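This is what each chain is made of:
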Amino acid sequence: MVSALDRKLRRDLAHMRGQVMTIALVVACGIASFVASLSTYESLRLSQSDYYAEGRFADAFVTVERAPRALAARLAEVGGVATVETRLIRDVTLDLPGVGMPVIARLVSYDGGDRPGLNRLHLRRGRLIDPDRPDEVVVSEAFAAAQRLGPGDGVPAIINGRRDVLRIVGVALSPEFIFAVRGGEPLPDDRRFGVLWMNRHGLEAAFNMEGAFNDALFTLSPDASRPAVYAEIDRLLEPYGGRGAYGRDQQMSHRFLSDELREQEIMATTIPPVFLAVAAVLVNIVLGRIVATQREQIATLKAIGYDNAPIVVHYLKMAIVIVGIGSAVGIVLGIALGRMMTGSYTQFFRLPLLAYRVPLWVPLLAVAVSLAAAAAGAAAAVRRVAALAPAEAMRPPAPRVHRRAPIERVWPIRMLPVRLLMTLRLLLDRPLRTATTIGAVALSIPIIVLGLFWNDALDYMIETQFFAAERADVVVAFSDPTNDRVRYELSRLPGVYDVETMRAVSVRLRAGHRSYRTAILGTEDGARLRRLLDAAGRVVAPPPDGMMLTDRLAERLGIAVGDVVLVEVLEGSRRTREIAVTGLVDDMIGLSAYMNIGALNRFLGEGAVASAAALAVDRDGEAAMLARLREMPRVATVTVRREAVETFLATIATIVLVFSAILCAFAAAIAIGVVYNNARIALAERSWDLATLRVLGFTRREVSAILLGGLVVELALAVPLGWWLSFQVVDALLRVLHTEMFEIPPVISMRTCVAAAAITVLAAAVSALIVRRRIDRLDLVSVLKARE
Amino acid sequence: MEFGAAMSPAHESVFVARGLSKTYRMGEVDVLALRSVDLEIFAGEFIVLLGPSGSGKSTLLNILGGLDSPTSGVARWRDHDLASADEGELTRYRREHVGFVFQYYNLIPSLTVRENVLLVTEMAADPMAPEDALTLVGLAHRLDHFPAQLSGGEQQRVAVARAIAKRPDVLLCDEPTGALDYQTGKLVLEVIATVNQQLGTTVVVITHNAAIAGMADRVMRLANGAIASIKVNARRCTPSELQW
Ligand SMILES: Nc1ncnc2c1ncn2[C@@H]1O[C@H](COP(=O)(O)OP(=O)(O)O)[C@@H](O)[C@H]1O
Ligand SMILES: [Mg+2]
């Protein structure tokens, strides 16, 4: 037997289905975003650690110029080192047919075979290399995909000046190259840089490195003291041109991946919980207001002898039904979105074990929070009504002690038409509620902005980094430091109208107990193509006797302008000297140090040499120039900026797009949820007044204007508040999001602000139209009877 | 039974109803609220509608006031066809010609006494000053009070002031004293009678109270959705003469 109250519940819910659906939608959005992003992050994190374990990713790394293989035994004896593996690595230019751009391949020796080594390959297609076939290679998957290569294809490579064709037998992933980044490049570029694993003997023979290695991998025992281990490795390798041992924290791919994961973590642990909290607060408010509109009914129930308990339970059931619908939709939606996001990250991260997992606590917590908020809202409202004597509660709505709003004393709004006055009193009567509504509507704006501003920030980053700082069209790196006269040769190439030479050198910077491996870039006086910008966007130049650092590098080393840094050169002369930091550079990507090229060369004890050149090139001459560059003997790599930017954008665009589309949809749902329910509740409270006005001869339009006019005022206040909130939220988010390699500038474009406001206003307009239809259907005759 | 044309102050008929019927559909059952009502009301008349609860008085008044449309039949106010008018036309009709007073006053709680009257005068063509209308009902001293600060009778007088301030052609009152005590009810009725006499407004008042009928030019008694009888008063009592 269904109790009378349950029947009332069923009818109430059916009657309020518009409100039930919109509130459930808000709950669903909060839960969905929480479930989707936390499950995605958990899936990524577990995939990373599983993959590192499976692929036996090394703990420490070192590069040398040339060391005898016999040294491996000495390295293995270093205290704290568990295993050592030596390798041969060389970058070569590939001569891919029909590819107009320069492509670099990193050849990495791979023993594979039966001895379980470090940084093991995870084969995706084909097979591993045959130890007896020196021309066989396994290709990295990202590169294979970008260049459409696969088993059976031949890759022509310029190896030590000779053109050899390498045979691809397999496609694989490596924990070392989840992001394949070439040293000195800010970002991975899978079309122009790939990894080829090949037979060690073939590689040794090709580069005259028989019995030698130039790269080593280590695993360390868990209790090893890293600085001590590194120092000992460095001491052993010093005579052989060791570049300094380092850990995973400075390994390029790991650093990118951990930065990405950290971003994911921050995204997952900041935005969705805020979202969930917003949804919870809204549900709390809205349910409370709905219950409050049933004030007379509650009073009547009490008057006819119901205890408070069954009444509270009755409204809790209402909350449970609404949150239940929202939870079901939210969890299903969240899992679907999480799957989709995890899938799109597979593309980006190329982690082989990317399995989608939903930790049980995530949906449970989300549902519990929503339910608690809804229940608290409903129960508090019931209790407020129940606290009144039934007789008092049965009288029309409560604290309506109408008085003039304080503002009327200052500003005589009495002079306004009475209809406007009604609208204003509607807002001023309950300032707290009006303020909550404004706040709640305003919240949808930062949510949309969070989805959209990435594009603005990226545009700005590209604008400053690639067009204000790194303005060269093409950057050429030489295989060895080259006499600066190379600039004249370069300037004669077709299409080249400006040349600037640069000198990059690997160093370790030390300040106190902190150190960092990076490169010092020497730039010309009055550089035009490689400029340095300070935090205010002004062009700055390093003085003859000092050095400038990326601001984040200075932070990492714990130094300020005026301090000195110990510079250890890791190549050639291997000099060491203290150099004063004279200024900071506002790079958005990477951590670098800068000096004047002349000063750097003097410090290195080298003449006027360059290791790279920046070129300004006409678009028309570019193809011919690239063809000529490929024939120049000392040119190691060529980077075309435009293409680098395009690749960068293409990879980021897909992820950002999905993310912003989801957030926009959620924000619209929230805006609708708030505005619609707010208007419905206002309508429920005022329908008697409004119907009276209709009886007195007011038209539908005039009556709607009185009620919806309040909404317009609320929106007009909510939008600027939302904009302000957006700046605060974005700023706060980027502050925590700030990673070592990247700095995303807090830039929000006018277009984004307008779009966010437009989506909110549109959502409000849709809600208003629905409410307007209800106003049109107001039953006039009913108001002449007793008030319900 | 004759229409009391001879007794009306003016011989111009303002309301005409012929075969007026109203059926409410309640699920499977049809409720016949009005069954083919014929009537005529003349300019300046004071009409009282009597009848038991559920006899169709409010339905009839609502149709005359343009709040509801009949299911069939003719209903006219002067040259306005109330039966076939659409929502917009009815709104205009109410706005320009009709003043209403209801049992539950229907004041806007967030507006002061003066503002409640202003609400109507602001959109009227030739209104009284709200202060004048409120003086007529004896509330000139309560202009800036909110409805909640007034007694029931005072609220009802505000409602009357609001209804007459635009100088309506007809004043329709549905149980205006229903929620009031005897003394206050009398006061409100006096105001309505004054309006009828001083402004020449045609007045239709619904009441349960047969005693009030003495004030009317004619008393129509409804039963079961039809007019059961019409009584013409030879002499109208003033409200102060009434006993109930
Ligand atoms: N909105 C409505 N829906 C259904 N029936 C109604 C409605 N309004 C009135 N009625 C019915 O019409 C009849 C006449 O009602 P009404 O005119 O209000 O009577 P009175 O005012 O004389 O008490 C009653 O039986 C009533 O139940
Ligand atoms: Mg009635």
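(A) Up close: the overall build of chain B. The helix and strand inventory of chain B stands at 6 helices and 10 strands. For 244 residues, the compact-globule formula gives about 18 Å, and the C-alpha radius of gyration of chain B, at 17 Å, lands near that figure. The C-alpha extent of chain B, read off along each of the three principal axes, is 45 × 40 × 35 Å. Residue burial in chain B is summarised as follows: out of 244 residues, 58% are buried. Sequence-distant contacts in chain B: of pairs separated by 6 or more residues, those separated by 24 or more amount to 71%. Surface accessibility of chain B: about 9,500 Å² in total, with carbon and sulfur atoms responsible for 49%. Charged side chains in chain B number 22 positive and 28 negative. The centres of these two groups are separated by 4 Å.

(B) Layout of the nonpolar core. Membership of the largest hydrophobic core comes to 130 residues, with the highest contact counts inside it found for A:F453, A:L693, B:F15 and B:I41. Per-element accounting of this core gives the leading share, 17 residues, to helix 19 (residues 641-695) of chain A. Taken domain by domain, this core gets at least three of its residues from each of domain 1 (53-256) and domain 2 (430-469 + 642-788) of chain A. If we ignore the near neighbours within four places in the chain, the residues touching A:F453 are A:V730, A:L734, A:V747, A:I748 and A:T752.

(C) Spotlight on the interface of chain A and chain B. The interface is formed by 31 residues belonging to chain A together with 28 residues belonging to chain B. Approximately 2,800 Å² of surface area, both sides summed, lies buried where chain A meets chain B, with 60% of it carried by carbon and sulfur atoms. The tally of links from chain A across to chain B stands at 4 salt bridges. We note a salt bridge from B:E87 to A:R700, for which the minimum N-O separation is 3.7 Å. Counting every contact that joins chain A to chain B gives 9 residue pairs in polar contact (both at pLDDT 80 or more). Looking at the side of chain A that touches chain B, the elements with two or more residues in it are helix 13 (418-428), helix 19 and helix 20 (700-737) of chain A. Here the element with the most residues in the side of chain A that touches chain B is helix 19 of chain A; it accounts for 7 residues. Of the residues contributing to the side of chain A that touches chain B, the split by class is 15 nonpolar, 4 polar and 12 charged.

(D) Broad picture of the sheet that holds strand 3 (residues 46-50) of chain B. Residues and elements named next belong to chain B. Taking strand neighbours across the sheet as the criterion, the 6 strands line up as 6-7-8-3-9-10 in an open arrangement whose pairing is mixed. If you trace the sheet from one side to the other, it starts and ends with strand 6 (98-102) and strand 10 (226-232), each paired once. Ignoring strand direction, the axes of neighbouring strands in this sheet form an average angle of 15°. Note: strand 6 against strand 7 (residues 170-174), 5 bridges, orientation parallel. Within strand 7, the residue paired with F102 across the bridge is D174. Sitting on the sheet, helix 5 (residues 152-164) is in contact with strand 6 and strand 7, with an inclination near 170° to strand 6.

(E) Local environment of the domain arrangement of chain A. Residue and element names in this part refer to chain A. Structurally, chain A comprises domain 1 (53-256), domain 2 (430-469 + 642-788) and domain 3 (496-617). Taking the mean C-alpha position of each, domain 1 and domain 3 sit 28 Å from one another. Taken together, the contacts link 13 residues of domain 1 with 11 residues of domain 3. Between domain 1 and domain 3 lies a buried interface of about 940 Å² when both sides are counted; carbon and sulfur atoms form 35% of it. Summed over the shared surface of domain 1 and domain 3, the result is 3 salt bridges. Here domain 1 is connected to domain 3 by 7 residue pairs in polar contact (both at pLDDT 80 or more).

(F) Expanded view of the environment of B:F42. All names here are of chain B. One can find F42 in strand 2 (residues 29-42). Exposure remark for F42: the relative accessible area of 4% places this residue in the buried category. Sequence separation of F42 and V204 is 162 residues, and the distance between their C-alpha atoms is 11 Å.

(G) Spatial organisation of unusual backbone geometry. One non-glycine residue, A:R56, lies in the positive phi region at around 45°. Along the chain, the position of A:R56 falls in the loop between helix 2 (17-54) and strand 1 (60-68). Overall, A:R56 belongs to the partly exposed group, its relative accessible area being 29%. One non-glycine residue with positive phi stands out, namely B:N224, at about 55°. You can see B:N224 is positioned in the loop between strand 9 (218-223) and strand 10. Its relative accessible area of 57% is what places B:N224 among the exposed residues.

(H) Representation of the site of ligand 1 within the structure. In the region of ligand 1, 13 residues are neighbours, and B:G54, B:G56, B:K57, B:S58 and B:T59 sit closest. Looking at what sits near ligand 1, you find residues from chains A and B. B:S58 is positioned such that a nitrogen or oxygen atom in its side chain is 2.7 Å from an oxygen atom of ligand 1. Alone, ligand 1 offers 560 Å² of accessible surface; in the complex the protein occludes 72% of this. Counting only elements with at least two residues in the shell around ligand 1, the list comes to strand 1 (13-26), strand 2 and helix 1 (57-64) of chain B. With 3 residues, the single largest contributor to the shell around ligand 1 is helix 1 of chain B. Here the shell around ligand 1 is composed, by residue class, of 5 nonpolar, 6 polar and 2 charged.

(I) Here's a closer look at empty space enclosed by the protein. All names here are of chain A. In this structure the tally under the stated criterion is 9 cavities of 30 Å³ or more. The computed volume of the largest cavity comes to approximately 240 Å³. Along the walls of the largest cavity sit 17 residues, with L426, R433, N678, A682 and E714 positioned nearest its centre. When contributions to the lining of the largest cavity are tallied by element, the ones reaching two or more residues are helix 13, helix 14 (431-469), helix 19 and helix 20. Per-element tally for the lining of the largest cavity: the top contributor is helix 19, with 7 residues. Among the residues making up the lining of the largest cavity, the classes are represented as 9 nonpolar, 3 polar and 5 charged.

(J) Fine view of the packing of aromatic side chains. Residues and elements named next belong to chain A. Per the stated rule, a full pass over the model turns up 7 aromatic pairs over all chains. Centroid distance Y52 to F57: 4.5 Å. Interplanar angle 40°. Geometry classified as tilted. Here Y52 and F57 have matching classes, each one buried. Residue classification places F57 among the buried residues on the basis of a relative accessible area of 3%. One aromatic cluster is present, formed by Y52, F57, F61 and Y246 through successive ring pairs.

Cut-off values and rules
- Residues numbered from 1 in each chain as written.
- Chains lettered and ligands numbered in written order.
- Predicted model: local features only at pLDDT ≥ 70, side-chain atom pairs only at ≥ 80, totals over all residues.
- Heavy atoms only, no water.
- Helix = DSSP H or I, 4+ residues; strand = E, 2+ residues; numbered from the N terminus.
- Rg over C-alpha atoms; globule rule 2.2 N^0.38 Å.
- Buried < 20%, exposed > 50% of the residue type's maximum accessible area, 1.4 Å probe, protein only.
- Contact = heavy atoms within 4.5 Å.
- Areas by Shrake-Rupley, 256 points an atom, 1.4 Å probe, with all protein chains shown as cover.
- Lys, Arg positive; Asp, Glu negative; His and termini not counted.
- Charge placed at Lys NZ, Arg CZ, Asp CG, Glu CD.
- Core = buried A, V, L, I, M, F, W, Y, C linked by side-chain atoms within 4.5 Å.
- Domains from an automatic or database assignment.
- Buried area = accessible area lost by both parts, 1.4 Å probe.
- Salt bridge = Lys/Arg side-chain N within 4 Å of Asp/Glu carboxyl O.
- Polar contact = N/O pair within 3.5 Å; in protein donor to acceptor, adjacent residues only side chain to side chain.
- Nonpolar A, V, L, I, M, F, W, Y, C, P; charged D, E, K, R; others polar.
- Pairing = 2+ DSSP bridges.
- Axes fitted to C-alpha atoms, helices over the stretch in contact; angles between N-to-C directions.
- Near = heavy atom within 4 Å.
- 1 Å grid on protein atoms, 1.4 Å probe; cavity = no way out; pocket = protein on both sides within 12 Å on 5 of 7 lines; lining within 4 Å.
- Points joined across faces, edges and corners; volume = space filled by probe spheres on them.
- Phe/Tyr/Trp six-rings, centres within 6.5 Å; stacked < 30°, edge-to-face > 60°.

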